[in-house]
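# Architecture and fold: a report
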Amino acid sequence: MEKSKPDLELGSPGESSLGLLPTEPPARPAWSSKAQYILAQVGFSVGLGNVWRFPYLCHQNGGGAFLLLYLLLLFVIGIPLFFLELAAGQSIRQGSIGVWKHISPRLAGIGFASCVVCSFVALYYNVIIAWSLFYLGHSFHSPTTYFWYREALDVSDSISDGGGLDLTLTGCLLGAWSLVCVAMIRGIKSSGKVLYFSSLFPYVVLLCFLIRGLLLDGAADGIRVMFTPKVWRQAATQVFFALGLGFGSIIAYSSYNPRGNDCHCDALLVAAINFLTSVLATLVVFAVLGFRANILTQTCVVRNTEQLSWLLGNKSIPGLELSLGNLSEFSPSTYSAWYQGIPAGLGMKLKEYGIIECRVEEEMNKGVEGTGLAFIAFTETMTLFPASPFWSVLFFFMLLNLGLSTMLGNMQGILTPLMDNFAPLRRRRTLFTVLSCTLGFLLGLVFVQHSGSYFVAMFDDYSATLPLVAVVACEAVAVAWVYGAERFLSDIEDMLGWRPWKLYSYMWRYGSVLAMLCLLLASLVNLCLGHPTYQAWDRAEAAKTKLPYPPWAMATLVSLIVVAVLPIPALYLCQLLREWLARRGGCPSLEGTLPVANKEEEEEEESPADPELPANGYLPVKTEDPPEGGEEARATLLGGSN
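Residues numbered from 1 in each chain as written. Predicted model: local features only at pLDDT ≥ 70, side-chain atom pairs only at ≥ 80, totals over all residues. Heavy atoms only, no water.

Secondary structure assignment for the protein yields 26 helices and two strands. When the 642 residues of the protein are sorted by exposure, 56% land in the buried category. Within the protein, contacts between residues at least 6 apart in sequence are counted, and of these 80% link residues at least 24 apart. Carbon and sulfur atoms make up 63% of the accessible area of the protein, which amounts to about 26,100 Å² in all. (Helix = DSSP H or I, 4+ residues; strand = E, 2+ residues; numbered from the N terminus. Buried < 20%, exposed > 50% of the residue type's maximum accessible area, 1.4 Å probe, protein only. Contact = heavy atoms within 4.5 Å. Areas by Shrake-Rupley, 256 points an atom, 1.4 Å probe, with all protein chains shown as cover.)

Now the structure itself:
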């Protein structure tokens, strides 16, 4: 990497380091294989959002046009930022706190903010895993909307009505945290083995559902709706969240790589797998929901034709005439064509009797947002399958594995940077992991009370969006403007043996920063101009309704955002104060407050990789650096040089 040169020396202790790589890099555990590392990154980035958020946004915001726009923004914004985090973690070989502290002690708050956001997400994300466990153990009833709100959640009328704990969901939450704790108990050594199954199994299930879904009546209608062009929105936001940027998990995972690893190829590979998985999941969802919409449309036509027959027999509506023969032979397309051709006045009269238009597109829009897609719409469709219990178990077991692989990444984004920078935590890795999971379970109890689903929606919508955008914007500024984009590319060239494209420099300096600032501004405007609402369940009407958040909930919402972002300015100002006091001889700099392990401590640290495997290009970096230079470094990845 970049060597210490007189013309690069910086006078202030708060300015960036001379190069990304320390002169004497600490010994660090390594992945047992490249496949394990790729599965870890894929498992973290491919999560529950690929199954329900991406299909919903695809349908609502442009269909096929949204896919093209998403792909464009993935190359322009997503991959450069993903590559930035991979390269930073791999070169400095620290978690998020250590990486940004190394670039500049004033920027240590970026890493702490990532840990806070990861903690918020982990609290509610594991509740969704608990819901999946609950559904695995229950048969499904129709209508599933009622089952979801009254049986699964036993939800209260509003967020203000806590209603006490749901003991069944509390047990499921305990089971979910136990799974995470067991998987994380020995770091990546144990979680890496879990990821072999939890990352690959969902693809088997998705392919099974795709084949089964394409054989259903109405599947073609659903896929046609998917590719219908409409006005696009939120593509940039989805690109940003799909790759898991800003959590610190990407940095943590890549920090266990050898420095000669081709992180640029990894960035392209993981981003491509993530995109293709989203497309695969969208095809599955729309094929299955097309079958559901087709059945609901046929039911709507039958119900309306029966009502029309009664109206014709009683001559209740003057001027109502039908010359299409037997009403029972109405197909959805015939009925829709007839309904669209009636006069507006007659249409208003018919609506008074509950006779409305029956269209597949309208049925596709019902219950396809967020958790409702998986736990209501998709579940309702599976009850119509032959051997429906088998497909239900398969689907929710897939959700369990998708959630678990992402949850392991979230926990790694919390534990790795803290253990890297605080030696007492590192020496007690197992105890720290168990206590973290225990604390997560206790704090997560708020999500399994009868109003818990409303808190899940609040955290999902607001606890991570603004803070993560702020974190990634600061990351881009730190690398592109504080450290220097060209210097960063030079460091990567020394690390990989070749210089990445000049385009990355422009994207980091201008494109990424501007994109993050625009997203941050748009999120702030949306929060300030529109009063946030949530979807509640009205017990009296047995129907969903929109309610505004009460004042105390708004205060909680704002507090979550402030607490997550606060470490960035707070530690920046703290470091400025320390530098000022240091110049006056009164206080050391922040670098002294974040302990770095000495050599003996690192050698005693429990390896999160599998130390029993033979040398495979990864384990040697635990005690020594791979050779500098392109061909030699690449040869090391294959198990040794020629």
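This is not the end of the story, as more comes after the structure.
A few words now on the UniProt feature "binding site: Na(+)" (unreviewed entry) in the protein. UniProt's feature table lists "binding site: Na(+)" (unreviewed entry) at Gly43, Val46, Asn50, Asn274 and Leu402, given in the numbering used throughout. The largest pairwise C-alpha distance within this set of annotated residues, which runs over 360 residues, is 12.6 Å, so the set is compact in three dimensions. Locating Asn50 in the fold gives a position in helix 2 (residues 48–60). With relative accessibility at 5%, the residue Asn50 sits in the buried group. (UniProt positions renumbered as here; feature names shortened; annotations may be inferred.)

This paragraph deals with the packing of aromatic side chains. Applying the stated rule across the entire model yields 32 aromatic pairs. Ring centres of Phe134 and Tyr135 lie 6.1 Å apart, and the angle between their planes is 65°; on these two criteria the pair is classed as edge-to-face. Side by side, Phe134 and Tyr135 carry an identical accessibility label, which is buried. Joined through ring pairs, the aromatic side chains of Phe134, Tyr135, Phe209, Phe291, Phe385, Phe390, Trp391, Phe395 and Phe396 make up one cluster. For Arg212, the ring lying beneath its charged end belongs to Phe385, and the centroid distance is 5.5 Å. The ring of Tyr483 carries the charged tip of Arg487 above its face, separated from the ring centre by 4.3 Å. (Phe/Tyr/Trp six-rings, centres within 6.5 Å; stacked < 30°, edge-to-face > 60°. Lys NZ or Arg CZ within 6 Å of the ring centre and 35° of its normal.)

A separate point is the state of the cysteines. For the coordinates displayed, the defined rule picks out one disulfide. Between the sulfur atoms of Cys300 and its disulfide partner Cys358 the distance amounts to 1.9 Å. One disulfide, between Cys300 and Cys358, carries an S-S torsion of -65° and so falls in the left-handed class. Within this pair, whereas Cys300 is found in helix 12 (residues 263–314), its partner Cys358 is found in the loop between helix 14 (344–352) and helix 15 (360–364), the two being separated by 58 residues in sequence. Classification of Cys358 by relative accessible area gives buried; the value is 2%. With no disulfide partner, Cys115 has as its closest neighbouring cysteine sulfur the one in Cys118, 6.8 Å distant. (Disulfide = S-S within 2.5 Å.)

On to the nonpolar core, then. Counting residues in each nonpolar core, the largest one holds 170 residues, and the members touching the most others are Trp100, Met411 and Trp508. No other element matches the 18 residues that helix 5 (residues 108–136) contributes to this core. If near-sequence neighbours (up to four positions away) are discounted, Met411 is found in contact with Ala122, Trp177, Val180, Met184, Ser436 and Cys437. Formed by 13 residues, the second largest nonpolar core is a distinct cluster that contains Cys300, Val301, Tyr335 and Cys358. (Core = buried A, V, L, I, M, F, W, Y, C linked by side-chain atoms within 4.5 Å.)

This next bit is on the environment of Met507. Mapping Met507 onto the fold places it in helix 22 (residues 502–529). Separated by 31 residues in the primary sequence, Met507 and Ala476 place their C-alpha atoms 9.3 Å from one another. When sequence neighbours within four positions are dropped, the list of residues in contact with Met507 reads Val76, Pro80, Ser512 and Val513.

Let us now look at helix 8 (residues 188–214). End to end, helix 8 covers 38 Å across 27 residues, agreeing with the expected 39 Å (1.5 Å per residue, within 8%). The principal kink in helix 8, of about 35°, is found at Val194. (Expected span 1.5 Å × (residues − 1). Bend = angle between axes of the 7 residues up to and from the residue.)

The subject of this paragraph is a nonpolar patch on the surface. A cluster of nonpolar residues, Val477, Trp481, Val482, Tyr506, Tyr510, Leu514 and Leu517, forms a patch on the protein surface that exposes about 670 Å² of accessible area. Breaking the nonpolar patch down by element, the ones donating at least two residues are helix 21 (465–496) and helix 22. It is helix 22 that contributes the most residues to the nonpolar patch, four residues altogether. Structurally, Leu514 is set in helix 22. Look at Leu514 and you get exposed, because its relative accessible area is 53%. (Patch = residues over 30% accessible without salt bridge, like charges linked within 9 Å, V, L, I, M, F, W, Y side chains within 5 Å. Salt bridge = Lys/Arg side-chain N within 4 Å of Asp/Glu carboxyl O.)

The next point concerns helix 1 (residues 34–45). The periodicity of an α-helix, 3.6 residues per turn, causes residues three or four positions apart to be oriented the same way. For helix 1, with 12 residues, the first-to-last C-alpha span of 17 Å sits near the 16 Å given by 1.5 Å per residue. Judged by how many residues are buried, helix 1 sits mostly within the fold: 10 of 12 residues are covered. Taken residue by residue, helix 1 has Gln36, Tyr37, Ile38, Leu39, Ala40, Gln41, Val42, Gly43, Phe44 and Ser45 as its buried positions.

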